[in-house]
Structures are given as structure tokens and as C-alpha cells.
Amino acid sequence: MLAAIMHGDRVHPETADPFAATAAEKAALVDGFLSYGGTYEIAGNRVRHRIDVSLFPNWVGTTQERIVLLEGDTLVLSTDPGTLGGSRVARLGWRRVRLSAPHPQAR
């Protein structure tokens, strides 16, 4: 699995070269973005992501567990309280998009 999560209103650096952005621009870009990837397993109503790569290197080699709620075409993953950002609960939701016809390159 791979997750790439970002704020919709992230800063746009003055340059098209990501290595030429200012330190302040780079800090703002990182502040509005999180990514991680690895393998996963489902256990009851939970998914465990075993992290192999991450923007936040402290997560590499760890397991991030999320609560799974699947209702129809909507999937919501949430953290236990206190997992991220103090006592807050983080929730991410996805809705399946159904295509009327298969994509020409789909197999």
C-alpha cells in the first residue's frame, strides 16, 4: 500500500525546480504532506500497515494500525485517540467511483 496525503492549499514555490525552493518553502511543503508505504494485513475491523518507506523516517520499520469502517462504496480509516496529534482522532475517507464502461487499458 502507498498513502500520499496532502492539504489542498499547499504553498507553491517560486521555482519549478524542487531542489531550488527556499528553506521556508520546503518546510511549508513538508508541513502539508505525509506519505508512507509498505505491506498491510487486515485483522477484524483493523488494518495494519507495516511501513517500509515514509516521509517521516521515524515510521520506517513500524506498524501503523487503523480502524476500518466499510459501508457500501465508502471506506473510512481512523486512528485510535491519541495516536496522532495529541488526543485527536484522524479520519480519512474514500468513496469508490464506478465507471459506466471499463477503461480501454484495463485488463
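Since the model is a prediction, treat every value here as computed from it, not as a measurement.

## Here we look at the pairing of strand 4 (residues 63–71)
Next up, step 1: Across five bridges, the pairing between strand 3 (residues 46–54) and strand 4 is antiparallel. Looking at strand 4, one finds that arginine 48 is bridged to glutamate 65.
Next up, step 2: Judged from the five bridges that link them, strand 4 and strand 5 (residues 74–78) form a sheet pairing that is antiparallel. What sits directly across from glutamate 71, in strand 5, is threonine 74.
Next up, step 3: The hairpin formed by strand 4 and strand 5 contains two residues between the paired strands, and glycine 72 there has a positive phi angle of roughly 60°.

## What to know about the side chain of serine 78
Next up, step 1: Among the structural elements, serine 78 can be located in strand 5.
Next up, step 2: With relative accessibility at 11%, the residue serine 78 sits in the buried group.
Next up, step 3: Discounting residues that sit within four places of it in the chain, serine 78 has contacts with Arg66, Ile67, Val89, Ala90 and Arg91.

Rules used in this analysis
Residues numbered from 1 in each chain as written. Predicted model: local features only at pLDDT ≥ 70, side-chain atom pairs only at ≥ 80, totals over all residues. Heavy atoms only, no water. Pairing = 2+ DSSP bridges. Helix = DSSP H or I, 4+ residues; strand = E, 2+ residues; numbered from the N terminus. Buried < 20%, exposed > 50% of the residue type's maximum accessible area, 1.4 Å probe, protein only. Contact = heavy atoms within 4.5 Å.

Scope: geometric values only; no functional claims are made or implied.
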